[in-house]
2 protein chains.
Amino acid sequence: MLNFDSQGLVPAVIVDDTTGDVLLVAFMNQEAYQLTRQTGQTHFFSRSRNKIWHKGEQSGNVQEVRDIFINCEENSLMIRVQQHGEAACHEGYHSCYYRRILPDESFEVVAERIFDPADVYETE
Amino acid sequence: MLNFDSQGLVPAVIVDDTTGDVLLVAFMNQEAYQLTRQTGQTHFFSRSRNKIWHKGEQSGNVQEVRDIFINCEENSLMIRVQQHGEAACHEGYHSCYYRRILPDESFEVVAERIFDPADVYETE
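Attention here is on the structure that accompanies the text. Note that the structure is a prediction, hence the values are computed from the model and not measured. (Residues numbered from 1 in each chain as written. Chains lettered and ligands numbered in written order. Predicted model: local features only at pLDDT ≥ 70, side-chain atom pairs only at ≥ 80, totals over all residues. Heavy atoms only, no water.)

Turning to the packing of aromatic side chains, a few remarks are in order. Under the counting rule described, the total for this entry stands at four aromatic pairs over all chains. With centroids separated by 3.8 Å and ring planes inclined at 10°, the aromatic side chains of Tyr 93 of chain A and Tyr 98 of chain A adopt a geometry described as stacked. We note that Tyr 93 of chain A, like Tyr 98 of chain A, is buried. Pairing Phe 44 of chain B with Trp 53 of chain B gives two aromatic rings, centres 5.0 Å apart and planes at 45°, and the pair type is tilted. (Phe/Tyr/Trp six-rings, centres within 6.5 Å; stacked < 30°, edge-to-face > 60°. Buried < 20%, exposed > 50% of the residue type's maximum accessible area, 1.4 Å probe, protein only.)

Let us now look at the environment of Ser 48 of chain B. Tracing the chain through its elements places Ser 48 of chain B in the loop between strand 3 (43-46) and strand 4 (51-54). At a separation of 3.3 Å, a polar atom in the side chain of Ser 48 of chain B contacts the side chain of Ser 46 of chain B. (Helix = DSSP H or I, 4+ residues; strand = E, 2+ residues; numbered from the N terminus. Polar contact = N/O pair within 3.5 Å; in protein donor to acceptor, adjacent residues only side chain to side chain.)

Residue and element names in this part refer to chain B. Locating Gln 41 in the fold gives a position in the loop between helix 1 (30-39) and strand 3. Along the primary structure Gln 41 and Gln 83 are separated by 42 residues, whereas in three dimensions their C-alpha atoms are 9.9 Å apart. What Gln 41 contacts, discounting residues up to four positions off in sequence, is Leu 35, Thr 36, His 54, Val 62, Gln 63, Glu 64 and Val 65. (Contact = heavy atoms within 4.5 Å.)

In short, geometric facts, not functional conclusions.
See below:
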C-alpha cells in the first residue's frame, strides 16, 4: 500500500480530468488520503499550517475525484479531478504552474487569470 | 526563487511534452536543479539512496527538458520533457502511474508494458 515518507506524507499530483493539465502538487498524510477517498473531494496536509486542508473549502473551487493512480514505488499519487470554478490556484489561475522559468531564472506568466483573489478570499 | 523545504527539497512533476501525460514525480535539491538546468536533462535527488540521480543514466531513457514551470508558492516545479525510449518508469511503463486504485484499495494495471526491466537493468 501507500508508503508514506519519514514525515508521514506522500506527494499527490492533481490533474484536470477534462483538459489533462497539471493543476497542483500537494501532500497527503494518511488522514488526508482517507478523507479524499471518503468524501470524493481532495484533502491535503498543509506542511506550513500543520493541518488538514479541504481544497476549495473557502473559494468553493473544490476538486471532485475521478480516478486515483499510484506510482511504481507506491510513494506518490496522481489524481484526476473535476475542478469546480475552473481555477485551482489561489492566485486565480487554472493551474498553479502559470509561470515559466526563463534562462536567466526570472519568471514569465504564461496563463490568464480567471479570478481576482481579492474578490474571493476574505482577509481577516 | 525556489523555496526548498526543511530537507532542502522540492517536488518536481515530470510531464511528457508530446502526450501531456504525467510521467513521474521526484524530488530535486539545489544541486539536482542546477544540473538539470546546466545539462538540459532531468536530475533528481534520491531520498532512499541519499544521492543525485541522472534520470535514464542506466537505461538510456533520459529526459530532455523542454520547459520548466514554477507554482504559485514557489515550492514545486512542473517540467515538460521529451522522454527518450518512451518508457519513463523503471518498471517498463510509459508513466510511473500505470496502476489505478480501486474502491477496495487494490490496484488495476491500466497501461501496457513497453520494455521488460530484466532486459534493461543489469543486476549486480
